[in-house]
Amino acid sequence: MNITIVGSGYVGLVTGACLAELGNKVTCIDTNKSVIKKLESSVVPFHEPGLGSMLQKAIKNSCIKFTTSYKHGLSESEAVFVCVGTPSKKNGSPNLDYVSDVFISLAKNMEDHGVIFIKSTVPVGTNKKMQSLFRKYNKNPNIKFASNPEFLKEGDAINDFKKPDRIIIGSDDIEVQKISNRIYKPFNRQSNRMIFTNIESAELIKYAANSFLATKISFINEVAKLCEKTNANIDDVRHGLGSDPRIGPQFLYPGLGYGGSCFPKDVKGLIHTFSSMGLDSMVVNAADEANKLQLKYFIEKIKKSVSKPLNECNILLWGLSFKPETDDVRESLAIKLIKNLSPQVKSFYLYDPVASLNAKLELNDISNIHFIKRKYSKIEECNFLIICTEWKEFWDPNISELKKLKDKKVFDGRNILDQQAIRDANIEYYGVGR
Ligand code: UGA
């Protein structure tokens, strides 16, 4: 099948690469010339495990190509996936300008037939608005529309795409349902994962899913605080709680709070949708508020536990990306923590396996930070260690290296260390709810 993908970010490229691997002829359109140039030489502009080699293979097999031109990108296309970003505006609502621009360009360049699927996360009602916008410029009734929200996680995106829990298609049109079944058939073999809904329900499923997961995280973070005041241990509480299949063990890991380009934006977006309908969003609002407090709480814990003035302390910090296996630092709790604490401390030594370059751009106006290439290289000069991201290489650190920390303290913002082993080495350990 000839498929066009508009927008070459995480969602667009992963979708393109996975559909090209099946033998479809995929064309990716992006208006950013430098991104297209990089992709043509198989360079992925961000870190996503496995994506580079998949693209390389697809290019070699002539199953994927890249262009800045809608005219070229749409020729003979039967399905178009819109995958451009919808970043938050100041009032919390998502900015839909990129999606609107895409629809105008599609309307001006699509001639024959085809289905336009919106994968971008857009508030309920947007698909219909985009259809009206499209129809202003293009009245061809053979062009159809569907909402097809995406549920991939950065760092594991290919796996999520190929092994979906569900494939949501918002459309009442039989032709759209047929073409959706054709596209997704190879990922839908073991059991039927296709869920057809109306267009509004599909849009809302995405916001509800992300907001629910964010709420789960805020809930466990709150319970972790209670653990610290009592003799309860969050690891055991989480295990016991998550063993109830009605609750489930996933997204119950306490930490510094949730970050990234999706949860914070989508939670705020849903709150905005509620208020625009004249409704209260008590639960989602609380998840958002609790998330803001979580980092403050951790920073207070650091301040209370440090015996000397912070402005005499050098801090070693591991993990800058918002989660492991990505170089994405958008809404990263590590970046927020550094911005908050850097005016009060002597200096920060920062280490991340892949995200330092992006972090440098985010932190370029802060002078007392140093990026290091090896995680133990400055340990003797540092008073204590803060872990912000659970990269695998941080889980089992060399204890004799940790002993070199001047104040022998470790703040584990993701509860990944063996706290007993750390304490046995006479290093003070501070986790979240442990
Ligand atoms: C999230 C969703 O998980 C995807 O299903 C969705 O498709 C995607 O947003 C999107 O809307 O595009 P992502 O933001 O890549 O994916 O990352 P997650 O793994 O969900 O993590 C989000 C944040 O929650 C991270 O900061 C992570 O550290 C935090 N988290 C996650 C916790 O604090 N505790 C947990 O138990 C799980």
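As a reminder, the structure under discussion sits directly above these lines.
Cut-off values and rules
Residues numbered from 1 in each chain as written. Predicted model: local features only at pLDDT ≥ 70, side-chain atom pairs only at ≥ 80, totals over all residues. Heavy atoms only, no water. Axes fitted to C-alpha atoms, helices over the stretch in contact; angles between N-to-C directions. Helix = DSSP H or I, 4+ residues; strand = E, 2+ residues; numbered from the N terminus. Left-handed = near helix turned anticlockwise from the far one by under 90°. Contact = heavy atoms within 4.5 Å. Nonpolar A, V, L, I, M, F, W, Y, C, P; charged D, E, K, R; others polar. 1 Å grid on protein atoms, 1.4 Å probe; cavity = no way out; pocket = protein on both sides within 12 Å on 5 of 7 lines; lining within 4 Å. Points joined across faces, edges and corners; volume = space filled by probe spheres on them. Salt bridge = Lys/Arg side-chain N within 4 Å of Asp/Glu carboxyl O. Buried < 20%, exposed > 50% of the residue type's maximum accessible area, 1.4 Å probe, protein only.

Asker: Explain the packing of helix H11 (residues 263-276) against helix H12 (residues 282-305) here, please?
Answerer: When two helices pack together, you describe them by how their axes are tilted relative to each other and by the distance separating the axes. Orientation of H11 relative to H12, taken along the N-to-C sense of each, is 145°, at an axis distance of 9 Å. Of the two possible hands of crossing, H11 and H12 adopt the one that is left-handed. Contact residues: H11 offers Val-267, Lys-268, Leu-270, Ile-271 and Phe-274, while H12 offers Val-284, Asn-285 and Asp-288. Here the residues of the contact of H11 with H12 are counted per class, giving five nonpolar, one polar and two charged.

Asker: Would you mind showing me how to read empty space enclosed by the protein here?
Answerer: Remark: the empty space left among the atoms is shown by a probe the size of a water molecule rolled over them. Inspection of every chain in the model, using the stated rule, returns one cavity of 30 Å³ or more. In this structure, the largest cavity is lined by Ile-118, Ser-120, Thr-121, Val-122, Asn-127, Ser-147, Pro-149, Ala-202, Glu-203 and Lys-206. Here the lining of the largest cavity takes three residues from helix H9 (residues 199-229), the largest share from any one element.

Asker: How should the pattern of salt bridges be read in this particular structure?
Answerer: Opposite charge on two side chains lets them pair, provided their charged atoms get close. In this structure the tally under the stated criterion is 25 salt bridges. Among the ionic pairs, Lys-144 bridges to Asp-173, the shortest N-O distance being 3.3 Å. Taken together, the positions of Lys-144 in strand E6 (residues 143-147) and Asp-173 in the loop between strand E7 (167-170) and helix H8 (174-184) put the pair 29 residues apart, joining distant regions of the chain. On the basis of relative accessibility, which here comes to 22%, the residue Lys-144 falls in the partly exposed class.

Purely geometric numbers; function is a separate question.
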